[in-house]
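Topology and contacts: notes
Spelled out from the first residue to the last, the chains are:
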Amino acid sequence: MTSTPGSGGPTAAPTPRPSDRPPDSTDPARPRLRRRFSRAERLVHRATGALMLVCVATAACLYVPQLAELVGRRYLVVTLHEWSGLLLPAPFLVGLASPSFRADLRRLNHFAPHDKEWLRAVRRRDFRPESRPAGKFNAGQKLYGGWIAGAVLVMLATGLMMWFTGLTPLVWRTSATFVHDWLSLAVGLVLVGHIGMAFADPEARRGMRTGSVERPWAEREHSLWKDEE
């Protein structure tokens, strides 16, 4: 309360304008959540993840004798493996109809100078957020996206060679089997790492589940995201 000369009594202090408030994440005028993924993107991720898990699980049942004996029904397992692998690119292709999905693909396909800084911090085992600048996607996510997309294409091509035996010579099919088997093992290990990192970051998991993340998390982990809008 302040007193105005000649008024004979106290008057209320002027209320600061909204523009005078500090722009911090505790400001009630700012949205608490930030939109990260659209519904279309989340559906593409879920469908791709389900097909990938079926493909990896059936591959394990085909190549690990103990699992093959436990599950049985080899013809059914082979059929599930073949069709889940064949359909794996389908969610991606359908997702191309979404503008938000295409926009995020462009982000994933663009490596900026700050991505090199992020990778150098990883090599130094520097876990400070300020030492790992990132846009909507960090350099690790970009590398993972590119690698898994390439692996799926190679697995699809080699799998078709193994499925349709009359398309290629025997030496090609033998080579395709070798590549397919070892790449499937690599894909399985990378997926385990991907799932483990997702479980280690509940907020990132929430973003993929609900489409939104806490604004402080976004500003800490993806500090350059606002520059990509």
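Fair warning: this is a prediction, and the values are worked out from it, not measured in the lab.

A look at the overall build of the protein chain
- Looking only at helices and strands, one finds 10 helices and 4 strands in the protein chain.
- For the protein chain, the share of sequence-separated contacts (at least 6 apart) that also reach a separation of at least 24 residues comes to 65%.
- With an accessible surface of roughly 15000 Å², the protein chain has 67% of that area assigned to carbon and sulfur atoms.

Looking at helix 1 (residues 39–63)
- Between its terminal C-alpha atoms helix 1 stretches 36 Å, which fits the 36 Å expected from 25 residues at 1.5 Å a residue.
- Along helix 1, the positions that sit buried rather than exposed are Glu41, Arg42, Val44, Leu51, Met52, Cys55, Thr58, Ala59, Cys61 and Leu62.

Some points on the nonpolar core
- Counting 10 residues, the largest nonpolar core is built from Leu51, Met52, Leu88, Ile148, Ala151, Val152, Met155, Leu183, Val187 and Leu191.
- For this core, the secondary structure elements donating two or more residues are helix 1, helix 7 (139–163) and helix 8 (170–200).
- No other element matches the 4 residues that helix 7 contributes to this core.
- The contact partners of Met155, leaving out residues within four places of it in the chain, are His180, Leu183 and Ser184.

Here we look at the packing of aromatic side chains
- Summed over the entire model, instances satisfying the criterion amount to 5 aromatic pairs.
- Measuring from ring centre to ring centre gives 5.7 Å for Trp83 and Trp163, while their planes differ by 85 degrees; the resulting arrangement is edge-to-face. On the criterion of sequence distance, the pair formed by Trp83 in helix 3 (residues 74–87) and Trp163 in helix 7 is long-range, its members being 80 residues apart.
- Given the relative accessible area of 44%, Trp83 is considered partly exposed.
- On the basis of an interplanar angle of 75 degrees and a centroid distance of 5.7 Å, the ring pair of Phe92 and Phe101 is categorised as edge-to-face.
- Assessed through its relative accessible area of 37%, Phe92 is described here as partly exposed.

Quick word on the confidence of the model for the protein chain
- Residues of the protein chain with pLDDT of at least 70 account for 85%, and the chain-wide mean is 85.
- Low pLDDT (under 50) marks residues 1–13, which in the prediction has 12 contacts with non-local residues, meaning those over four places away or in another chain.
- Of the regions scoring below 50 in pLDDT, residues 15–26 engages in 8 contacts with residues more than four places distant in sequence or in other chains.

Concerning a nonpolar patch on the surface
- Together, Val154, Phe178, Val179, Trp182, Leu185 and Leu189 give the surface a local cluster of nonpolar side chains, amounting to about 620 Å² of exposed area.
- At 5 residues, helix 8 tops the list of elements feeding residues into the nonpolar patch.
- Note that Phe178 resides in helix 8.

What about the side chain of Thr168?
- Mapped onto the secondary structure, Thr168 falls in the loop between helix 7 and helix 8.
- A relative accessible area of 14% means that Thr168 is categorised as buried.
- Apart from residues no more than four positions distant in its own chain, Thr168 is found in contact with Met161 and Arg173.

Quick notes on helix 8
- Helix length check: helix 8 (31 residues) gives 45 Å between terminal C-alpha atoms against 45 Å at 1.5 Å per residue, within 8%.
- Three or more residues of helix 8 are buried, namely Ala176, His180, Leu183, Val187, Gly188 and Leu191.
- Residues of helix 8 that are buried sit in contact with helix 1, helix 3 and helix 7.

Remarks on the packing of helix 1 against helix 9 (residues 202–210)
- As a packed pair, helix 1 and helix 9 sit with axes 8 Å apart at the nearest point and diverge in direction by 105 degrees. If you check the angle between helix 1 and helix 9, you find them roughly perpendicular. Mapping the contact onto sequence places Arg42, His45 and Arg46 in helix 1 and Gly207, Met208, Arg209 and Thr210 in helix 9.
- Split by residue class, the contact of helix 1 with helix 9 holds 1 nonpolar, 3 polar and 3 charged.

Considerations on the pattern of salt bridges
- Under the definition given, this model contains 9 salt bridges.
- Between Lys136 and Asp104 there is a salt bridge, with the nearest N and O atoms lying 3.0 Å from each other. Of this pair, Lys136 sits in the loop between helix 6 (113–123) and helix 7 while Asp104 sits in helix 5 (residues 99–108), and the two are 32 residues apart along the sequence.
- A salt bridge links Asp126 to Arg124; the nearest nitrogen and oxygen atoms lie 3.8 Å apart.
- What makes Asp126 buried here is its relative accessible area of 13%.
- Here Arg124 falls in the exposed class, since its relative accessible area comes to 51%.

Calculation notes
- Residues numbered from 1 in each chain as written.
- Predicted model: local features only at pLDDT ≥ 70, side-chain atom pairs only at ≥ 80, totals over all residues.
- Heavy atoms only, no water.
- Helix = DSSP H or I, 4+ residues; strand = E, 2+ residues; numbered from the N terminus.
- Contact = heavy atoms within 4.5 Å.
- Areas by Shrake-Rupley, 256 points an atom, 1.4 Å probe, with all protein chains shown as cover.
- Expected span 1.5 Å × (residues − 1).
- Buried < 20%, exposed > 50% of the residue type's maximum accessible area, 1.4 Å probe, protein only.
- Core = buried A, V, L, I, M, F, W, Y, C linked by side-chain atoms within 4.5 Å.
- Phe/Tyr/Trp six-rings, centres within 6.5 Å; stacked < 30°, edge-to-face > 60°.
- pLDDT = per-residue confidence, 0-100.
- Patch = residues over 30% accessible without salt bridge, like charges linked within 9 Å, V, L, I, M, F, W, Y side chains within 5 Å.
- Salt bridge = Lys/Arg side-chain N within 4 Å of Asp/Glu carboxyl O.
- Axes fitted to C-alpha atoms, helices over the stretch in contact; angles between N-to-C directions.
- Parallel < 35°, antiparallel > 145°, perpendicular 65-115°, else oblique.
- Nonpolar A, V, L, I, M, F, W, Y, C, P; charged D, E, K, R; others polar.

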